[in-house]
Amino acid sequence: MSRKLDLPIRPRRNRKSPAIRGLVRETVLTPSDLIYPLFLHDGADDQPIDSMPGCHRWSLEGLVREVGEAAAVGVKAVVFFPAIAESLKTPHGEECFNSDGLVPRAIRAVKEAHPEVVVITDVALDPYNSDGHDGIVEKDPKTGELRILNDQTVEVLCKQALCHAEAGADIVSPSDMMDGRIGAIREALDEAHHEEVSILSYTAKYASAYYGPFRGALDSAPKAGDKKTYQMDPANWREALREAEQDVAEGADMLMVKPAGPYLDIIRALREEVDLPMAAYQVSGEYLMIKSAAADGWIDEEKVMLESLMGIKRAGADMILTYFAKDAAKLLG
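The structure reproduced in this document is the subject of the present report. Everything numeric in this text was worked out from a predicted model, so none of it was measured. (Residues numbered from 1 in each chain as written. Predicted model: local features only at pLDDT ≥ 70, side-chain atom pairs only at ≥ 80, totals over all residues. Heavy atoms only, no water.)

## Points about the side chain of Arg186
Relative to the helices and strands, Arg186 is located in helix H5 (residues 181-191). In terms of polar contacts, Arg186 uses its side chain to reach the backbone carbonyl oxygen of His194, at 3.3 Å. Dropping the residues within four chain positions of it, Arg186 is found in contact with His194, Glu195, Val197, Ser198, Ile199, Glu250, Gly251 and Asp253. (Helix = DSSP H or I, 4+ residues; strand = E, 2+ residues; numbered from the N terminus. Polar contact = N/O pair within 3.5 Å; in protein donor to acceptor, adjacent residues only side chain to side chain. Contact = heavy atoms within 4.5 Å.)

## Looking at the nonpolar core
Residues Phe39, Leu63, Phe80, Ile185, Ile267 and Tyr281 are the most contacted members of the largest nonpolar core, which totals 103 residues. With sequence-adjacent residues up to four places away left out, Tyr281 is seen in contact with Pro37, Phe81, Tyr202, Phe214, Met256, Val257, Lys258, Pro259, Ala260, Glu286, Leu321 and Tyr323. (Core = buried A, V, L, I, M, F, W, Y, C linked by side-chain atoms within 4.5 Å. Buried < 20%, exposed > 50% of the residue type's maximum accessible area, 1.4 Å probe, protein only.)

## What about the packing of aromatic side chains?
Tallying each qualifying case throughout the model produces nine aromatic pairs. Plain terms: the ring middles of Phe39 and Tyr323 are 5.8 Å apart, the flat faces sit at 10° to each other, and that makes the pair stacked. Residue Phe39 is located in strand E1 (residues 34-41), and its partner Tyr323 is located in the loop between strand E12 (319-322) and helix H11 (325-332); the two are separated by 284 residues in the primary sequence. No difference in accessibility class separates Phe39 from Tyr323, as the two residues are buried. Note on Tyr287 and Tyr323: the rings are 5.6 Å apart at their centroids and 65° apart in plane angle, and the pair reads as edge-to-face. A residue pair is termed long-range when its members are at least 10 positions apart, and Tyr287 in helix H9 (residues 284-295) and Tyr323 in the loop between E12 and H11 qualify at 36 residues. For the pair Tyr287 and Tyr323, one class covers both residues: buried. One residue, Lys258, lies across the ring of Tyr211, its end atom 4.9 Å from the ring centre. A cation over an aromatic ring shows up here: Lys258 above the ring of Phe214, its NZ or CZ 5.3 Å from the ring centre. (Phe/Tyr/Trp six-rings, centres within 6.5 Å; stacked < 30°, edge-to-face > 60°. Lys NZ or Arg CZ within 6 Å of the ring centre and 35° of its normal.)

Okay, here's the thing in structure tokens:
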């Protein structure tokens, strides 16, 4: 014989219908939370990327069209990642501040066609550096080991940020993890009367194994060595707080954690310590795992995609960089 429980508290009452679940929902994900990373190249065709199904290296014409389609479904922020021809790559990455280079031309084209869209640019040397690193490389004459020259790299990053600002970028986003680059870029922008250009800092960018498909998309993997002397150790979280404190002090407008999914604890830790807007990057490896599992029929791509994004938002991110941006926005309405 069944017995009725004497329960004054029944949490399921708040889950009994879609309407009630909507009323008590704590986290809301909208298209305006999403930033769309886009790859571009200096060619006339739009090239599918083998390592990232559904993504392309866009021509300038294709890029403008794709940005327009994303804006039409509510994604009003994009970030550019260029695939630079090998012939333009040098040890000091001078192409990164060429005012007629690929990224400045892309900024001008998109801002002319879609002035309402926020254009964010990546500030780092790896697409332009013949060594494939985010900074200028020097070989130690005694040990033969590679060293990344921090201060010399920051000088070039300032030129790159200025180049993007002058082309019309709304936000520059240093992803290099060099020490002191936020303060130096802020000073350079302000001195050049670009006080309105924001800085979205890759504050906690980890030396992650999840970046593989991205490096395949841009052919930007290091030619030798790795990035562990400048990207963060995945074992550390207190170090992220220290990086955040420094970026805030140097004038960053927004902070970022990368990758997102494996580092939800870092997003939460920074959210509790810092008042600035917080971004998180759902990187290529996260994207590809969902795509691959869905292609084999093991998961529902749309549901897992939205659940993964909701988890990142719930952890404390105000904005999410994701290759799913356009598809997610269509579902979110």
